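# A structural walkthrough
For reference, the chains in residue letters:
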Amino acid sequence: MVFYVIRRILQAIPVLIGTTFLIYFLVFAMPGDPVAALFGDKQPNAELLKALREQYHLNEPFIVQYLYYLRDVVTGNFGTSFSGQSVNAVLADTIPVTARLALMAVIIEMIVGVAIGLVAGLRKGKLFDLSSLVVSLLFLSVPIFVIAFIGQFGLGFKLGLFPTTVGADASIPRLLLPAIVLAASLVAVNIRLTRGSVIETLGNDFVRTAFSKGLSRGRVIRVHVLRNSLIPVTTQLGADFGILLVGATVTEGIFNVPGVGQTLYQAIIRGERPTVVSFVTVMVLFYLVVNIVIDLVYAVLDPRIRYVK
Amino acid sequence: MIDQRTPLLEVKDLEVTFRTQRGEVRALNGVNFTIEHGETVAIVGESGSGKSTTAAAIINLLPGTGKISAGQVLFEGRDLAQASRTDLEDVRGKEIGFVPQDPMSNLNPVWSVGFQVEETIRANGVATSAREVKKKAVEVLKQAGLDDADKRMRQFPHQFSGGMRQRVLIGIGLSGDPKLLIADEPTSALDVTVQRRILDHLDTLTGDAGTAVLFITHDLGLAAERAEKLIVMYKGDIVEAGPSIEVLQNPLHPYTQRLIAAAPSLASRRIQASDKKLGELSHADQSLGDSVDLISAAEERAEHLASTPRESVIEIRDLTKVFKIRTGGFRSVDFTAVDKVSLEIPKGTTTALVGESGSGKSTVAKLLLGLEKATSGSISVKGRDITTLSGRELFGLRRTMQPVFQDPYGTLDPLVNIGNTIAEPLKIHKVGDRDSRRARVTELLEQVALPTALADRYPNELSGGQRQRVAVARALALKPEIIVLDEAVSALDVLVQAQILQLLAELQSELGLTYLFITHDLAVVRVIADNVAVMQKGRIVEQASTDEVFQSPQQQYTRDLLEAIPGAGIKLGV
């Protein structure tokens, strides 16, 4: 098990280096002079520009700049934004909000998706199964901003069940509606996956053996069908987190959530290079950590993986 | 409460139908039989005969769309066919235990073995407190032959061997102290020696507890040896039933007669090509029936082989193969799979390589085919050492040496039609053009006795026996001199097995082929091989002509293997 964890962490290192390089290269290749952009319409003197370039290593070749950047990432110093705020402080403000939103969305997605998928799988070909297919296809084909607007208008404005926007106070009840919207965009895949996985597990010999042992139907489904079916669903969860982070940018915009997505969007628009690089780096790190955690959960669910040397 | 004179189980006019896209298909057409308290009954038949369906119908666990459409399953007078779900859950495990066929797929891979035994004990109310349940689980597993049960309880199924898993399943089947145990091909996936140990054990366990046993098997020898009563099934009907010895020695129904004739056992002799047999024997002999023909022809063949010295087409010298097995981290240990094996195969004969799984016999085949590199030693085919050949030379060698593997379902590409499958070796080796290849495919299909129209069909439309014929045809495509058959008939039913063995014998006499026949089944060896080499733990422990090995085995290991053949001592009548 220790070997398994160490190997997973070691495997994440080349991914981290590769993605950060790519991010840094893309930002480097953005048109425009970042130092000139600092001053907006004003014309600073050449002396000052030179001093600033040296301060930010902008006169050095690309690869050297990248190495400076790597050093800063490793030491946890993400620099300051154009507005003079420490990027670390901005991250500390926004990351918890987005993390809370993503986690809520994943929990809703898992509970609803697994429950519907399980029942659909057990009642393959019956009415429940078919209607769950229709509803999943509907949610799958509608873009997330449409779901967001419908949710905002219907549940928030018309029925008044939820606040229509989140604002500065990103508490759990206020985040519920955006979380439901995010979950709705992903739940369809989860339902189909769980359903397929349940049907496949039901066909296994050990399920019949479990029945032949005299176990009750409920116990066979809970113990022998559900747990085995969750293994592929868990793997999907890792990929879902990536989609959630992207989806969050749109959803956060619509519901005015002060999270990573909003801030990153603003930074891209304004061309704030340090902020963009830092945020994307942190998102990649977050994604990698989530996937390592999921691999560990996977190992807990499936002993065959746990004992692979 | 229960009158001892009512049978334990009475199956009356049982009909089972499966719903398919082409309408309802009936798998059982009114089956009747009874099992008394403590009695052992065996149902025999080939796959598709309905024997496993009968077993599943008794505990109402028919797969897929299967349904009991008529009849009764009276267990101590209660009709299980009409019982409610909760009533059935009470009967399963507690009253009727079940041991499934395949030890690899019948344990849930994500739960520990101990957990799976304990939940059975708890569900059947044998014990309730955690300590009692654990104690009973250890006891059950120890009884089933897992001596270190208390240590291995927390391990998972994939850490157990097939034989050990089968013991666990037997333990689970018996853990509710049932009155009837249904064992569906409980040992088909296991080696003969393991099979014998497990069946002996099962005998003792059920004998002591007075448990009735219903065996489902395709192995007549096993059925005759273990069961008092034999039921023969064919296409969803019981065609014959009665005391085991009587059925085997005086079979009345033609199907039973065919089944017995086809079963390779120690009493049989080597199969001869029928044309040769006809040519060499007088008309008077032929009228006496098959068995006489076979024996005299086999003797003639043995004499013929002894009198004419033959050159060896394959010579293996001190062949050794060492695998590195990773033990975690970066450490590894050496495992010697093949240990200084020397073997000569004379031209035009069949040499059988016999042993349990893990004895290294398949590794020898892979080394010979050039699919693995030998660690040391030499293999010469027609005088050339093949262990040092380059890729191109090895490619040339494959024209003279072709394999046929065990699983006729796994060795044919489901997306390639039969004609192209057979023609593929010709295409790879650039033999002939399109038309001549097509002609060769037709010729090959005729040679293996398949309709030539099959060329345009796909593997899933063929039966297991037909597929194995296709595999043989593919091996013959390049007109090789040597064919390596790795468990080529092990996955087939006895009747189909007999047909393929007959086909191989005919092809050998027609084309002068040399066979290396790898198998764990000594009964098959008896009918196909001229010479036998017995392997144990990577070494050849005994090597002689087939008659010598069977009549006077020199090694204890060989004697164990021979004794382990089910029904070895029973004389079969035809």
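The shown structure was predicted, so the numbers you read here are calculated from the model rather than taken from an experiment.

Secondary structure summary: chain A contains 13 helices and zero strands in total. Taken from the N to the C terminus, the helices and strands of chain A come in the order α-α-α-α-α-α-α-α-α-α-α-α-α. For the C-alpha atoms alone, the extent of chain A along its principal axes is close to 85 × 55 × 30 Å. Looking at chain A as a whole, 41% of its 309 residues qualify as buried. By sequence separation, contacts in chain A at least 24 residues apart represent 74% of the contacts at least 6 residues apart. When the accessible surface of chain A is totalled, it reaches about 15700 Å², and 70% of it is carbon and sulfur. When the 25 basic and 17 acidic side-chain charges of chain A are each reduced to a single mean position, those positions are 16 Å apart.

Before going further, it helps to examine the sheet that holds strand β2 (residues 23-35) of chain B. Strands pair in a sheet through their backbones, by hydrogen bonds, and they do so in one of two ways: parallel or antiparallel. Spatial ordering of the open sheet is given by β2-β1-β4-β5 (chain B), a layout of four strands whose pairing is antiparallel. Strands at the two margins of the open sheet, each flanked by one partner only, are β2 and β5 (78-79) of chain B.

The subject of this paragraph is the domain arrangement of chain A. Taken domain by domain, chain A holds domain 1 (2-75) and domain 2 (96-258). For domain 1 of chain A and domain 2 of chain A, the distance between their C-alpha centroids amounts to 38 Å.

On to helix α4 (residues 62-75) of chain A, then. Residue and element names in this part refer to chain A. Spanning 14 residues, α4 covers 20 Å between terminal C-alpha atoms, matching the ideal 20 Å at 1.5 Å per step. Among the residues making up α4, those that are buried are Phe-62, Gln-65, Tyr-66, Tyr-69 and Val-73. Projected onto a plane normal to the axis of α4, the buried residues spread over an arc of 100 degrees and lie on a single side. Facing away from the buried side of α4 by more than 90 degrees, the exposed set consists of Leu-67, Val-74 and Thr-75. Buried residues along α4 sit in contact with α1 (2-28) and α12 (273-301).

Quick look at the interface of chain B and chain A now. Taken together, the contacts link 33 residues of chain B with 25 residues of chain A. Roughly 2600 Å² of surface becomes buried between chain B and chain A when both sides are summed, with 58% attributable to carbon and sulfur atoms. Per-residue buried area on chain B facing chain A is highest for Glu-89, Val-110 and Glu-119 of chain B; these three make up 20% of the total on that side. The interface formed by chain B and chain A holds two salt bridges in total. With a closest N to O distance of 2.9 Å, Glu-119 of chain B and Lys-213 of chain A form a salt bridge.

What counts, and at which threshold
- Sequence order as written defines the numbering, with residues in each chain counted from 1.
- Working convention: letters from A go to chains and numbers from 1 go to ligands, in the order in which they are written.
- Residues qualify for local features only when their pLDDT is at least 70, as the model is predicted, and side-chain atom pairs are given and counted only at 80 or more; totals for whole chains, interfaces and linings, by contrast, use all residues.
- With hydrogens and water excluded, all non-hydrogen atoms of the structure serve as input to the side-chain values.
- To qualify as a helix, a DSSP run of H or I must reach at least 4 residues; to qualify as a strand, a run of E must reach at least 2; elements of each kind are numbered from the N terminus.
- Buried, partly exposed and exposed residues are distinguished by accessible area as a fraction of the type maximum, computed with a 1.4 Å probe on protein chains only: under 20%, between the cut-offs, and over 50%, respectively.
- Between two residues, a contact is recorded if the distance between any of their heavy atoms is within 4.5 Å.
- For every accessible area listed, the method is Shrake-Rupley and the probe measures 1.4 Å; residues are considered covered only by the protein chains on display.
- Under this rule, positive means Lys or Arg and negative means Asp or Glu; His and the chain ends count for nothing.
- Lys charges are placed at NZ, Arg charges at CZ, Asp charges at CG and Glu charges at CD.
- Strands are labelled as partners when DSSP assigns at least two bridges between them.
- As used throughout, domain bounds are those supplied by an automatic or database domain assignment.
- One less than the number of residues in a helix, times 1.5 Å, gives the span that helix is expected to have.
- Directions are taken from the helix axis to each C-beta atom, and the arc is the one they span.
- Here the buried area means the combined drop in accessible surface, using a 1.4 Å probe, for two parts upon being joined, counting both sides.
- A pair is scored as a salt bridge if a Lys or Arg side-chain nitrogen falls within 4 Å of a carboxyl oxygen belonging to Asp or Glu.

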